[in-house]
Amino acid sequence: MDFSHFKSGSDIRGFALGDESNPLYMSDEMIMRCTAAFVLWLKAKSGKSRLYVSVGHDSRLSAQRIKNAVIKALVSNGVSVADCGLSSTPAMFMTTVEMGCDGSVQITASHHPKDRNGLKFFTRDGGLDGSDIADILKKAAEIPSPLGAENGESVPCDFMKRYAELLREMIINGVDASDRLHPLRGMKIVVDAGNGAGGFYARDVLEPLGADISGSLYLEPDGNFPNHAPNPENSEAMDCVSKATASAGADIGVIFDTDVDRAACVGKGGFEINRNRLVALASKVALDSCPGGTIVTDSVTSDGLAEFIAENGGKHLRFKRGYRNVINKQIELNESGIKCPLAMETSGHAAFAENYFLDDGAYLITKLIILSAALAKQSKSLESLIENLREPVEEKELRFKILSDNFRDEGEKLISFLENKAESISGWSVCPDNYEGIRIKTDSSCGNGWFLLRLSVHDPIAVLNSESDEEGGIIKMCSDILAAVSQADNIEMFDITALKNFVEKDGEI
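Across its full length, the protein chain carries 14 helices and 23 strands. Overall, the protein chain is about 70 × 60 × 45 Å in size when its C-alpha atoms are taken along their principal axes. Put simply, the protein chain has 509 residues, and 57% of those count as buried. Here the contacts in the protein chain between residues at least 6 apart in sequence split such that 67% fall between residues at least 24 apart.

Turning to the packing of helix H8 (residues 275–289) against helix H11 (residues 361–376), a few remarks are in order. Packed helix pairs are characterised by how far apart their axes lie and by the angle those axes make with each other. Look at H8 against H11: their axes get within 11 Å of each other, and the N-to-C directions meet at 70°. As the angle between them shows, H8 and H11 are arranged roughly perpendicular. In this structure, H8 crosses over H11, and the sense of that crossing is left-handed. Between H8 and H11, the residues in contact are Leu278, Leu281, Ala282 and Val285 and Leu364, Lys367, Leu368 and Leu371, respectively. For the contact of H8 with H11, the residue count by class is seven nonpolar, no polar and one charged.

With that settled, consider the packing of aromatic side chains. Each aromatic ring pair is described using two quantities: the centre-to-centre distance and the angle formed by the ring planes. Applying the stated rule across the entire model yields 11 aromatic pairs. Plain terms: the ring middles of Trp428 and Phe451 are 5.0 Å apart, the flat faces sit at 65° to each other, and that makes the pair edge-to-face. One end of the pair, Trp428, is in strand S19 (residues 428–430); the other, Phe451, is in strand S21 (residues 449–455), with 23 residues separating them in the sequence. Using a relative accessible area of 8% as the deciding quantity, one classes Trp428 as buried. Here the aromatic cluster, defined as three or more aromatic residues joined through ring pairs, consists of Tyr163, Phe200, Tyr201 and Phe256. The ring of Phe352 carries Lys367 above its face, with NZ or CZ at 5.2 Å from the centroid. The side chain of Arg439 reaches across the aromatic face of Trp450, ending 3.6 Å from its centre.

Within the largest apolar cluster, 79 residues are counted, with the highest numbers of intra-cluster contacts made by Leu184, Ile189, Phe200, Tyr201 and Leu206. Broken down by element, this core gets its largest block of residues, 10 residues, from H11. Excluding residues within four positions of it along the chain, Ile189 makes contact with Leu184, Leu206, Ala211, Asp212, Ile213, Ser216, Ala250, Ile252, Val254 and Ile369. Ranked by size, the runner-up nonpolar core spans 34 residues in total, among them Phe6, Leu42, Ala69 and Ile107.

Cut-offs and rules
- Residues numbered from 1 in each chain as written.
- Predicted model: local features only at pLDDT ≥ 70, side-chain atom pairs only at ≥ 80, totals over all residues.
- Heavy atoms only, no water.
- Helix = DSSP H or I, 4+ residues; strand = E, 2+ residues; numbered from the N terminus.
- Buried < 20%, exposed > 50% of the residue type's maximum accessible area, 1.4 Å probe, protein only.
- Contact = heavy atoms within 4.5 Å.
- Axes fitted to C-alpha atoms, helices over the stretch in contact; angles between N-to-C directions.
- Parallel < 35°, antiparallel > 145°, perpendicular 65-115°, else oblique.
- Left-handed = near helix turned anticlockwise from the far one by under 90°.
- Nonpolar A, V, L, I, M, F, W, Y, C, P; charged D, E, K, R; others polar.
- Phe/Tyr/Trp six-rings, centres within 6.5 Å; stacked < 30°, edge-to-face > 60°.
- Lys NZ or Arg CZ within 6 Å of the ring centre and 35° of its normal.
- Core = buried A, V, L, I, M, F, W, Y, C linked by side-chain atoms within 4.5 Å.

Written out as structure tokens, the structure reads:
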């Protein structure tokens, strides 16, 4: 029995609707084995023979089935269970802080399609790393049976009530209004929960504090996700919350992913604040309380963001894709004595050091709402803080499937080829401050910007990200890239149709 193919970075993921004819189907047996393996792992880590573990889930259609299997395995292995029901992922981590849980299991697949689901594990130290997940999946395949003979118990627990209270207290103390119990009175805030688990933020955090949430959208959980993908990176979703914010005349709009560990926002009039804009705004907030601090981001952030962070007195470390990668780097820096208040991906994962290094979309938005309330007193808006952020004229992402079982080896070989090739191409220079793939800066003759060829964190895919400071710059870059990679010995291992089409159609797609 081999469960290694269910590993997805620092999560376990697969298909949860359908049946076992799909090799990636998360059957009850598979789920119980992974849960029992987590118990073994957690006992070894904690040194405890009796454990207290919380279990929660987002709004997916398969959540109840998977939760039943998880709790069955926990209880039969002598674990006391807090059944938290519909919950955000950050709230499930917070059960280890507020309730003293030894561990936590969140059932979610983030923004992925409705037929997917997964298991995310936490301890008081945070989310598990990829190596921990690999260990758990190995144990899951080896244990004789996932069901033990011990008797634990499962008790319902409404922890989301406490979690919402913590966020309300944060706003009350942060805004410090004369009407202390209603610090958001007079503010209009649109929340788009995308039918995920984030509807609580409008009803249980903002509205009790006096905010007008009347323009909010899709607050009710619905695992069919009938309106749009619950994903702040999705252009349709951002367009939806942007239009709703403008239509409502709201001060700020908010959008969450399914399990609320990611977020983005919208300024007055529907001005979208996501990706580099959101990282810039969050960096400004972090640096205001930690002058001179280092901001860790993923590898695809723009040159303009690096300039913005420097202009605001900070240092920028552009690291790797993968939220656990940027968070682990943040922790490493702080432990070595380098102040690093924020680690953030352009996807919307934002971890503040002050908040247990936890990527929490609701915490990020709460910080921004507090800031928005303060700016309103000066007749200013959130977007005014990033008006000097230099943004690219063009940007593009192209993805190439790697046609090999040894996809990582083939990908690294192509990246190494391109790095060596760059030395002989006029107008290309390899960026020294790069930790993932190959990032090349191009001069005005070759596109006036930069491109990054990297491997996907999870999938057999090579990803090409590019930005240009001039119109028509990316087509110049891609033409040169196509000419270069076509000379690689292993290029037949890559489906570069998207790159060829883009070049042949002069950048029309």
